[in-house]
Amino acid sequence: EDLKELLGGDEAGVKFIEYIKGQDGGYVRFDSPEHAKTVLEKTGDGIDHDGKSIQVSLLEGEEEIQYWRKVEELKRAKRDRSSSSRHKAFGGSRGRGGRMFRGSGGRGRRDHAKRPRESGEEQPGTAAKKQAVQEAA
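Procedures and definitions
- Residues numbered from 1 in each chain as written.
- Predicted model: local features only at pLDDT ≥ 70, side-chain atom pairs only at ≥ 80, totals over all residues.
- Heavy atoms only, no water.
- Salt bridge = Lys/Arg side-chain N within 4 Å of Asp/Glu carboxyl O.
- Buried < 20%, exposed > 50% of the residue type's maximum accessible area, 1.4 Å probe, protein only.
- Helix = DSSP H or I, 4+ residues; strand = E, 2+ residues; numbered from the N terminus.
- Arc of directions from axis to C-beta.
- Contact = heavy atoms within 4.5 Å.

1. Some remarks on the pattern of salt bridges
Evaluation of the coordinates by the stated rule reveals three salt bridges. Residue K4 pairs with D10 through a salt bridge whose shortest N-O separation is 3.0 Å. K4 sits in the partly exposed class, given a relative accessible area of 27%. Residues E18 and K70 are paired through a salt bridge, measuring 3.1 Å at the closest nitrogen-oxygen approach. With E18 in strand β1 (residues 14–18) and K70 in helix α3 (residues 62–89), this residue pair connects regions lying 52 residues apart in the sequence. A residue is classified by how much of its surface remains accessible, and K70, at 32% relative accessible area, is partly exposed.

Rendered as C-alpha cells:
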C-alpha cells in the first residue's frame, strides 16, 4: 500500500512525502497543522508500512525550524545548480551568440528593405532577379 494513501491521501491534507524505502526516517508535509495533528491522532505512535513499523511524531519548535532550514538549503542548491548549468549550456555570459541566434533565421534585420521607395524605383536585387528569370525562359 502506498504511504500517502496509508496516511489518508489528499483528503487528509498530505502534500509531500520525503521518505525512501530502507531509510530510518522521513518527513511528511501537510497543507495545514490541523491536518497533521488529525493524522497523528489517527495513527497514534506509528504505522505499519511494507512490514515495517514506522514511528510518527509532529515536528515542533527548534526541530521544525531546523527542518525548514534544510528544505530551503536544498531548494537553493537545486536552483543554483540548474541556473548554472543552463547558463553554461547557452554560452555563458557572452551575449546571445551574434547574428545567427536572433530568431530570424540568422539574417538579422535588413533596414535597407524598409527604406521608402520613390515612385518607379525598384528594390535592391530586383533587377538581377528579373534578368535571371528572363534568361531562364
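Next comes the rest of the account.
2. Quick word on helix α2 (residues 33–43)
Listed in full, the buried residues belonging to α2 are A36, V39 and T43. Considered in projection along α2, the buried side chains sweep an arc of 70 degrees and stay on one side of the axis. Opposite the packed face of α2, turned more than 90 degrees from it, sit the exposed residues P33, E34, E41 and K42. Buried residues along α2 sit in contact with α1 (3–7), β2 (27–30) and β3 (46–49). Positive backbone phi, at 70 degrees, marks G44, one or two positions downstream of α2.

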